[in-house]
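What the coordinates show
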Number of protein chains: 2
Amino acid sequence: MESNSYQREREIAMYLYCPFFGRVLAFLQRVQISCDVLLPRSRSLAPLYPNEAMAFSATVFLSPKFSLPKVSPPSYLISKFRHSSFPIRCDFSSDGTVPPSPSQPPLHSSFDLRAYWTSMISQIEADLDAAIPVAYPDQIYEAMRYSVLADGAKRAAPIMCIATCELVGGDRSTSFPTACALEMIHSASLIHDDLPCMDAAPLRRAYPSNHTVFGIGLALLAGDALFPLAFRHIVGRTPNSLVPPEAVLRVIVEIARTVGSTGMAAGQMLDILPAVGNEQTDVMTVLEKKFGKMAECSAVCGGLLGGAGKVEIEALKRYGKALGVLYEVVDDILLEEKRGIWSNGQSGKMRSNASVVMALGMERAMEIVGELKEKAKNEINVFGDKYGDRVLPLYSFVDYAVERGFVVESTRKAAAAATATTTENCNSGSS
Amino acid sequence: MESNSYQREREIAMYLYCPFFGRVLAFLQRVQISCDVLLPRSRSLAPLYPNEAMAFSATVFLSPKFSLPKVSPPSYLISKFRHSSFPIRCDFSSDGTVPPSPSQPPLHSSFDLRAYWTSMISQIEADLDAAIPVAYPDQIYEAMRYSVLADGAKRAAPIMCIATCELVGGDRSTSFPTACALEMIHSASLIHDDLPCMDAAPLRRAYPSNHTVFGIGLALLAGDALFPLAFRHIVGRTPNSLVPPEAVLRVIVEIARTVGSTGMAAGQMLDILPAVGNEQTDVMTVLEKKFGKMAECSAVCGGLLGGAGKVEIEALKRYGKALGVLYEVVDDILLEEKRGIWSNGQSGKMRSNASVVMALGMERAMEIVGELKEKAKNEINVFGDKYGDRVLPLYSFVDYAVERGFVVESTRKAAAAATATTTENCNSGSS
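Here's what I pulled together on the structure shown here. As the structure is a computational prediction, the values presented were derived from the model and not from experiment.

A few points about the packing of helix α12 (residues 245-259) of chain A against helix α12 (residues 245-259) of chain B
Viewed as axis vectors pointing N to C, α12(A) and α12(B) meet at an angle of 40°, and their least axial separation amounts to 9 Å. Taken together, the axis directions place α12(A) and α12(B) in an arrangement best described as oblique. Pair α12(A) / α12(B) crosses with left-handed handedness. Listed contacts from α12(B) to A:P245, A:E246, A:V248, A:L249 and A:I252 of α12(A) are B:P245, B:E246, B:V248, B:L249 and B:I252. Taken together, the residues of the contact of α12(A) with α12(B) sort by class into 8 nonpolar, no polar and 2 charged.

Below, the structure is given as structure tokens:
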């Protein structure tokens, strides 16, 4: 069993992250380190589903905590897509240096997306915590909090919203309430997507999904309650001295359009319906509605709150959509192998109609990654001259979507983990 | 079986609508008219569930189409609560005259709630029809339309919203979009409430519930899509020349508060949880959240759009809440007998924790009806001097909640039914 797992992992690693993964796996096989020793360090293991722990996660290798000797990560994907001529890229590693591609010297290699991202997560989580206090009746609030404040949430939508707001010169405080609201919306949609009548996922981010803990009825209601709470949060918390009510209304419409029958609900419906064929149009439409819309909405809302003009909003819209789909196509490529190892629904992402790899094959999926990466970056080139370095987070998001150069973690959790490690070391030393 | 049904019906009729119902039932028993002959005329019978047709519905007797000789309807409930000293009442029957109680001459007996209500339903339904056009992907729009445009919907929330807007001097056009949005919200909550993980109701208003027709997943998504569509509809359709954006934002917050964890979602959660005891606080809290909130919201939104002041909004809030709970307590009383005949969940309303009659007994339920009727009317007395006759619809809603003096039907459907009857008569005459 283990050797089979290794074999599969090696195959995909050779395909995707060769030679980095190949080297790592060869090293593991050579020194015969047991999966059981390494896997508890992975964020993607389910504490309540020990059998699943045998599914070998690529995440463990990408984690900055992973203790193997550092290797420069110019993977197959990275090297494949880096040669496209975008002027800006980011340094993904806060604790290491990625050597620039010889053909494309980075103009702004100092930008640290990981630090930028991590620095905001704690504030977002604190705001979310405060926005959903436990009140009567407790159960519904507990169910809402369980998903919204879950470990492992990347807070990608909020970060995107804040970044586009700041890009166009908006104050960060104007976008924070909407950023948090987007996370509520995202959580609500995940709760509903995981239900047995949808993707039937017992796990979400390696933890029991909401209905696994609270039951189907309560999970459904927690989702139903999070959607409107998001709207209340936006209206109640957006500083009206900085944002005119018309802009808030536009944000509300944008989110409503994203959530409903023109967006995520339609995407999810297309995903759970019997397979609609393998044509590219179909699978890409599902991806655009189910995933692209949320990134598009996040980018647009930030722009609206920051005071972006019409042309800028349109550019952000196309950028966000391309980025959202790009992220999911890469996820598809990474998850496709997991699907072979895990049973359906265990991963928290079951895609009957939304798997690009299944529908179009790995080769076409890789081409799409390249096309979307180029499209996303092209859309924001327009901002470079006007806003300078403020556009860097947006370029970096595109690279991150492909490269997944770090594991997103809140500073609070990182600090807690660091404290725990220190304490452990002290205890080891004293004992 | 039939005689048992008659017996039960007669018992509740004697209690509630005596001597009117008592007389009708005695007449039926005397002439031995079969249930099967009469029941197809009732709106509350399920065409797809013929067995349910044996459940004897009180509605059939209240229908204006019911062809028994007209009897003045001073029922037990009506006579019990009419002696409270409210200056205004309405004439519920558009095709007959209700003799005024000798002790309380009506000051405004000319107000015809049925005509007022019916006149607006067609416009509301036309707007709803236009607001949910079928687009790609068709299935989700079909599912949304199925519930929103369902036969038998009373459109009580929209009518309330329009009435309170007009009460405070607002133009009807300012409240129409929100009125329609409230109906979408109401439909969405009913779709979710009917799901197997909730009330498990295969029927809604005597027709198959949404998930019975479209499946659970699609029904869930139809609900998820209707909530945001409601917000889009308000923002997109409310005339901004007449309503300032701040008022629209307040309406959105009001609806969000009603739908979420402070309102209907919490109420539904309390209703599906294991019984929480029989104390009055609990059952009334469930009723207030699950039903009172929607009426409260409808009244408040109309007021906000019409430009009501703070004190007026507070009065409308208390009025709406009392009215919403009142309606449901009376429904409880009427349905309690049906519960004995029908199996759980078949009625489209299953209430484990929200049945006042079950929790507190019929006598206390009747007292609560009296208290709420008085409270609701007291709350709007303040509007009488300022707005004159415009307050009449609000008084009439209270009486309607208790008396159910007519069956609400759109003019379009009524016209269609009239045409059908005429055609039928012509055909009979010619044949």
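The discussion continues.
Some thoughts on the interface of chain B and chain A
Contacts between the two partners involve 44 residues from chain B and, on the opposite side, 44 residues from chain A. Interface area, chain B with chain A, both sides summed: about 3700 Å², of which 79% is carbon and sulfur. Area buried by chain B at its contact with chain A is led by B:R232, B:S261 and B:M269, which between them contribute 16% of it. At the boundary of chain B and chain A, one finds 0 salt bridges. Where chain B packs against chain A, one counts 4 residue pairs in polar contact (both at pLDDT 80 or more). Taken together, the elements giving at least two residues each to the side of chain B that touches chain A come down to α7 (138-148), α11 (216-237), α12, α13 (264-272) and α14 (280-306) of chain B. Classifying every residue of the side of chain B that touches chain A by side-chain character gives 30 nonpolar, 8 polar and 6 charged.

Some words on the relation of the copies chain B and chain A
Once chain B has been moved 0.0 Å along the axis and rotated by 180°, it coincides with chain A to within an RMSD of 0.0 Å. Such a combination of rotation and displacement between the chain copies is what one expects of a two-fold axis. Considering only C-alpha atoms, the part of chain B nearest the rotation axis is B:P245, at 3.0 Å. An overlap of 100% is found between the interface residues of chain B and their copies at the interface of chain A, pointing to a shared contact surface.

A closer look at helix α6 (residues 113-131) of chain A
All names here are of chain A. Helix length check: α6 (19 residues) gives 27 Å between terminal C-alpha atoms against 27 Å at 1.5 Å per residue, within 8%. By the burial criterion, the buried members of α6 are L113, R114, Y116, W117, T118, M120, I121, S122, I124, E125, L128 and A131. Between the side-chain oxygen of the N-cap and the backbone nitrogen of R114 there are 3.1 Å, and the N-cap of α6 in question is D112.

Comments concerning the packing of aromatic side chains
Scanning the entire structure with this criterion turns up 17 aromatic pairs over all chains. Each ring, one from B:W117 and one from B:F397, has its centre 5.8 Å from the other, and the planes form 90°; the classification is edge-to-face. Residue B:W117 is found in helix α6 (residues 113-131), and its partner B:F397 is found in helix α17 (residues 392-403); the two are separated by 280 residues along the sequence. What makes B:W117 buried here is its relative accessible area of 3%. By the ring-pair criterion, three or more aromatic residues cluster together here, those being A:W117, A:Y327, A:F397, A:Y400 and A:F406. Lying over the aromatic face of A:Y327, A:R404 brings its terminal NZ or CZ to 3.6 Å of the ring centre.

Conventions used here
- Position labels on residues start from 1 in each chain and follow its written sequence.
- To read the labels, note that chains go from A and ligands from 1, taken in the order they are written.
- This being a predicted model, a pLDDT of at least 70 is required before a residue's local features are given, and a value of 80 or more before pairs of side-chain atoms are given or counted; all residues contribute to the totals for chains, interfaces and linings.
- Note that water and hydrogens are dropped before the side-chain values are worked out from all heavy atoms of the structure.
- Each axis is a line fitted through C-alpha atoms, taken for helices only over the stretch in contact, and angles between the N-to-C directions span 0 to 180 degrees.
- Secondary structure is summarised from DSSP: a helix means a run of H or I of at least four residues, a strand means a run of E of at least two, and numbering begins at the N terminus for each.
- In what follows, roughly perpendicular refers to angles from 65 to 115 degrees, roughly parallel to angles under 35, roughly antiparallel to angles over 145, and oblique to any angle outside these ranges.
- Left-handed describes a crossing whose near helix is turned anticlockwise from the far helix through less than a right angle; right-handed describes the clockwise counterpart.
- We call two residues in contact when some of their heavy atoms are within 4.5 Å.
- Residues were grouped as follows: Ala, Val, Leu, Ile, Met, Phe, Trp, Tyr, Cys and Pro as nonpolar; Asp, Glu, Lys and Arg as charged; and all remaining residues, including Gly, as polar.
- Summed over both partners, the accessible area lost on bringing two parts together, with a 1.4 Å probe, is the buried area.
- One speaks of a salt bridge when a side-chain nitrogen belonging to Lys or Arg is within 4 Å of a carboxyl oxygen belonging to Asp or Glu.
- Counted as a polar contact is a pair of N or O atoms within 3.5 Å, where, for protein atoms, one must be capable of donating a hydrogen and the other of accepting one, and residues adjacent in sequence contribute only when both atoms are in side chains.
- Here the copies are matched by least squares. The fit uses the C-alpha atoms of residues with pLDDT of at least 70 in both.
- How far a helix is expected to stretch is found by multiplying one less than its residue total by 1.5 Å.
- Here the term buried applies to any residue with accessible area under 20% of the maximum for its type, exposed to any over 50%, and partly exposed to those in between, with areas from a 1.4 Å probe on protein chains only.
- Whether two aromatic rings pair depends on their centres lying within 6.5 Å, for rings of Phe, Tyr and Trp, where Trp uses its six-membered ring; planes under 30 degrees apart make the pair stacked, over 60 edge-to-face, and the rest tilted.
- Working rule: Lys NZ or Arg CZ, within 6 Å of ring centre, within 35 degrees of ring normal, means a charge sits over the ring.

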